[in-house]
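Understanding the architecture of this molecule
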Amino acid sequence: MKKFKTTDDIKISDRLIDQVIGQDNAVKIVEKASKQYRNVLLIGEPGTGKTMMAQAMAELLPSADLEDVLVYRNVNDENQPIVKVVKTYPEGIKAAEEKARDGHVKGTNSLPDGQGRQIVQKERMKYRIDANNNTSKATPIILIIVLLLFFLSISGIFKGYEIIVLAALILGVLIFGSMYVFMISLTRRGGFMPGSFESNEPKLIVDNTGMTHAPFVDATGARAGALLGDVKHDPLQSGGLGTPPHLRVESGAIHRANKGVLFIDEVANLDMHSQQELLTAMQEKKYPITGQSELSSGAMVRTEPVPSDFILVAAGNLQDIQKMHPALRSRIRGYGYEVFLESSMPDTKENEEKLVRFIAQEVKKDGKIPPFDYDACMEIIEEARRRSGRKKRLTLILRDLGGLVRAAGDIAIENGKKVVTKEDVIAAKSLARPIEAQFVDQALEYRKDYKVFNTTGFAVGKVNGLAVIGSSYLSAGIIIPIVAEVTPASSRSEGKLIATGKLGKIAQEAVKNTSAIIKRHMKRDVASYDIHIQFLQTYEGVEGDSASISVAVSIISAMEGIPVDQSVAMTGSLSVRGDVLPVGGVTGKIEAAIDAGLKSVIIPKSNMQDIYIDKDKLKKIKIIPVSNIAEVIERALKKSKRRDMLIRELKQYISTDSKEKEPLEVEEEQRQ
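Residues numbered from 1 in each chain as written. Predicted model: local features only at pLDDT ≥ 70, side-chain atom pairs only at ≥ 80, totals over all residues. Heavy atoms only, no water.

Let's talk about the packing of aromatic side chains
Within this structure, the stated rule accounts for two aromatic pairs. Here Phe 4 and Tyr 374 contribute two aromatic rings whose centre-to-centre distance is 5.3 Å and whose plane-to-plane angle is 70 degrees, an arrangement assigned as edge-to-face. Of the two residues, Phe 4 sits in the segment before helix H1 (24–36) while Tyr 374 sits in helix H12 (residues 374–388), which places them 370 residues apart along the sequence. Like Tyr 374, Phe 4 is buried. Geometrically, the ring pair formed by Phe 216 and Phe 263 is stacked, given 6.1 Å between the ring centres and 25 degrees between the ring planes. (Phe/Tyr/Trp six-rings, centres within 6.5 Å; stacked < 30°, edge-to-face > 60°. Helix = DSSP H or I, 4+ residues; strand = E, 2+ residues; numbered from the N terminus. Buried < 20%, exposed > 50% of the residue type's maximum accessible area, 1.4 Å probe, protein only.)

In structure tokens:
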């Protein structure tokens, strides 16, 4: 990569779409969808840029057709307010900007008020003038009556008790006049009486004043009222004292996103009713607003249809697809695109430069941390390799990588530096460790103290398995001791395979698959035995099949009475034919074995290039790559004649399987 001094030297595009890193296919689709006004479903891991792409899509859309929405009182039926739609800037954004530059907006460069605001201001001014006229007419009349009564009281015409009556009359007129003026002001502001002044003003429920691009509305986690609009409850509904229905109407996200983008992350969290109504709004491109609570007075009100012509950008992970309403997904797929986002990208010079640009973007976005020098950026890229979990790949889970960037920047500021260096990034790795890694440290210390697992000697039926906890991109390795015991079958008809330790579905199936190895390769009738397998103190749960070889070794050890080397840890998926298949999280698992004080670790041979550990740290442990169960037993079980015989038998069956595969593979290639 071309060397640079600091990230201040890196040019950053002002367009959001150009700031998306590593999602080239998704970017092309988003650009195409924005031109053709199509819906998009983005599926992928959190932190891969789904929100940024939705915002970029709004930036790409034209803003010439922005609309304001007003709600008016319906004199004939108050429970069906009238909806009026007007262009925010009838002459266009450019004309409005030119007016602002010419100084027509109070000498500033900001955009003028949109047409919706102007209409409300005019109506409000009109009603206030009428109210002031009514008040100005009443005040002189009251003053004239008071003055007339006052002069009569001092004229001498009235005497005795008549003067008292006259004084009471003056006081009554003053009180009545004050109450009259107060009631006019109150009804004008609150709209407590039918036909009152401000109660007849329109309400602006969608206001796009100042918008220079299409609206972007994030409705993630919104309930029905916030998504679809609502009519507020008013307890004062009798005697004309209630707030008029049109003043209680509130627009929803679907209405504010009109002519723009509606973004919903974790779309499966929407209840089915909301998904159905969202589908209706997408089909009709307009949706009336009504009260969302049946117990509220707002449920009586239903406006005329309000425009809701938006592009839906829905996001989530693979599991969310199963929870989506089929019709909603069909609508997106039929009138748009589905995109599965990448979680990693090839480790090339070009992509390394993209990550450097990402670091520069994060520094600029944060605004509080200093720039990164070249070596600091290289250290971040090295961490991106490690987090990818795959050989020759760089992670695209950039939100969490951004957290590391900020942590390194905070450390540099704390040390009084003007530039973030490699040392700051290394320190930040420790500071910004995920909860999973911190939990593993405590669990490891506990298990060491109470000798839940051993690091020296030999034991029958006990294996130090390896696993990871946490997500695929924020995981930490942990030691899982696995113990097996083989007993005569309790049932004459068949033996049982009993596994305990909070196992997930995939883990349970992986345990069952090990019985095929024993049946086929060891010539043992499993039906004659009950096999008990225990994952010790796995309160955090076990999922996946990476413990397959550990389970198989513990069962074989217990069945044959051959001890297992306790200084060895292992991980790997096992096929029913005895092949050791690759697994994820190899780096974290090896680090856990090093921290636990183990001497060697068995991993699948195909995972050898997935290891990203500091060379000095890697010297503390021996890495043993294996490709089949025979090699695992050879490295894990204590030397003995029975072990050597087992290895010969297993190798014989494995080599036979390999010979059987070859002609089949050739035939398949010829057929294709």
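As for unusual backbone geometry
Leave glycine aside and you will find that most residues have negative phi; peptide bonds, for their part, are mostly trans. Even without a glycine there, the phi angle at Lys 259 is positive, about 65 degrees. Note that Lys 259 resides in the loop between helix H7 (253–256) and strand S8 (261–264).

Considerations on the confidence of the model for the chain
In the predicted model, the chain carries a mean pLDDT of 83, and the fraction of residues at 70 or more is 81%. Ignoring residues within four places in sequence, the model shows residues 189–197, a span with pLDDT below 50, making 24 contacts including any to other chains. Within the model, pLDDT remains below 50 along residues 661–672, and this stretch shows two contacts once partners closer than five positions in the same chain are excluded. (pLDDT = per-residue confidence, 0-100. Contact = heavy atoms within 4.5 Å.)

Points about the environment of Asp 230
Within the secondary structure, Asp 230 sits in strand S6 (residues 230–231). Classification of Asp 230 by relative accessible area gives partly exposed; the value is 25%. For the pair formed by Asp 230 and Val 301, sequence separation is 71 residues and the distance between their alpha carbons is 9.5 Å. Aside from chain neighbours lying at most four places away, what touches Asp 230 is Gly 225, Arg 248, Val 249, Glu 250, Ile 289, Thr 290, Gly 291 and Gln 292. Polar side-chain contacts of Asp 230 include one of 3.0 Å to the backbone nitrogen of Gln 292. (Polar contact = N/O pair within 3.5 Å; in protein donor to acceptor, adjacent residues only side chain to side chain.)

What about the packing of helix H13 (residues 398–414) against helix H14 (residues 422–431)?
For the pair H13 and H14, the least separation of the axes is 8 Å and the interaxial angle reads 115 degrees. For the crossing formed where H13 meets H14, the hand is right-handed. For the pair H13 and H14, the contacting residues are Leu 404, Ala 407, Ala 408, Ile 411 and Ala 412 in the first and Asp 424, Val 425, Ala 427, Ala 428, Lys 429 and Leu 431 in the second. Here the contact of H13 with H14 is composed, by residue class, of nine nonpolar, no polar and two charged. (Axes fitted to C-alpha atoms, helices over the stretch in contact; angles between N-to-C directions. Left-handed = near helix turned anticlockwise from the far one by under 90°. Nonpolar A, V, L, I, M, F, W, Y, C, P; charged D, E, K, R; others polar.)

Quick notes on the sheet that holds strand S12 (residues 336–340)
Taken together, the five strands give an open sheet; going across it, the order is S5-S8-S11-S1-S12, and neighbouring strands pair in parallel fashion. Where the open sheet ends on each side, the last strands, each with one partner, are strand S5 (216–218) and S12. Geometrically, the sheet is characterised by an average inter-axis angle of 15 degrees between neighbouring strands, direction not taken into account. Across four bridges, the pairing between strand S1 (residues 39–43) and strand S11 (residues 311–316) is parallel. Following the sheet pairing, Leu 41 is matched in S11 by Ala 314. Sitting on the sheet, helix H10 (residues 326–334) touches S1, S11 and S12, and the angle it makes with S12 is about 100 degrees. (Pairing = 2+ DSSP bridges.)

Here we look at the side chain of Glu 352
Mapped onto the elements, Glu 352 comes out in helix H11 (residues 349–366). At 2.7 Å, the side chain of Glu 352 and the side chain of Arg 385 are in polar contact.

Details of the pairing of strand S24 (residues 600–604)
Burial analysis of S24 places five of its five residues in the buried class, which makes it a mostly covered element. By the bridge criterion, three bridges tie strand S21 (residues 568–570) to S24 in an arrangement that is parallel. From the neighbouring strand, Met 570 faces S24, where its bridge partner is Ile 602. In this sheet, strand S25 (residues 622–626) lies alongside S24 in parallel orientation, the contact comprising five bridges. Residue pairing for S25: Ser 600 is matched across the bridge by Lys 622.

Here we look at helix H17 (residues 548–560)
Given 3.6 residues per turn, any residue in an α-helix points the same way as the ones three and four places further on. If you check H17, its first and last C-alpha atoms are 18 Å apart, about what 13 residues at 1.5 Å a residue would give, namely 18 Å. Counting buried residues along H17, 13 of its 13 residues qualify, which places the element largely inside the surrounding structure. In the stretch just after H17, Gly 561 is the one whose phi turns positive, near 70 degrees. (Expected span 1.5 Å × (residues − 1).)

Focus: the sheet that holds strand S4 (residues 203–206)
Sheet architecture is open: three strands sit in the order S3-S2-S4, paired in antiparallel fashion. Edge strands, defined here as strands with exactly one partner in the open sheet, are strand S3 (82–87) and S4. The average angle at which neighbouring strand axes cross in this sheet is 35 degrees, direction not considered. Across three bridges, strand S2 (residues 67–72) lies against S4 in antiparallel orientation. By the bridge assignment for S4, Val 69 is matched with Val 206.

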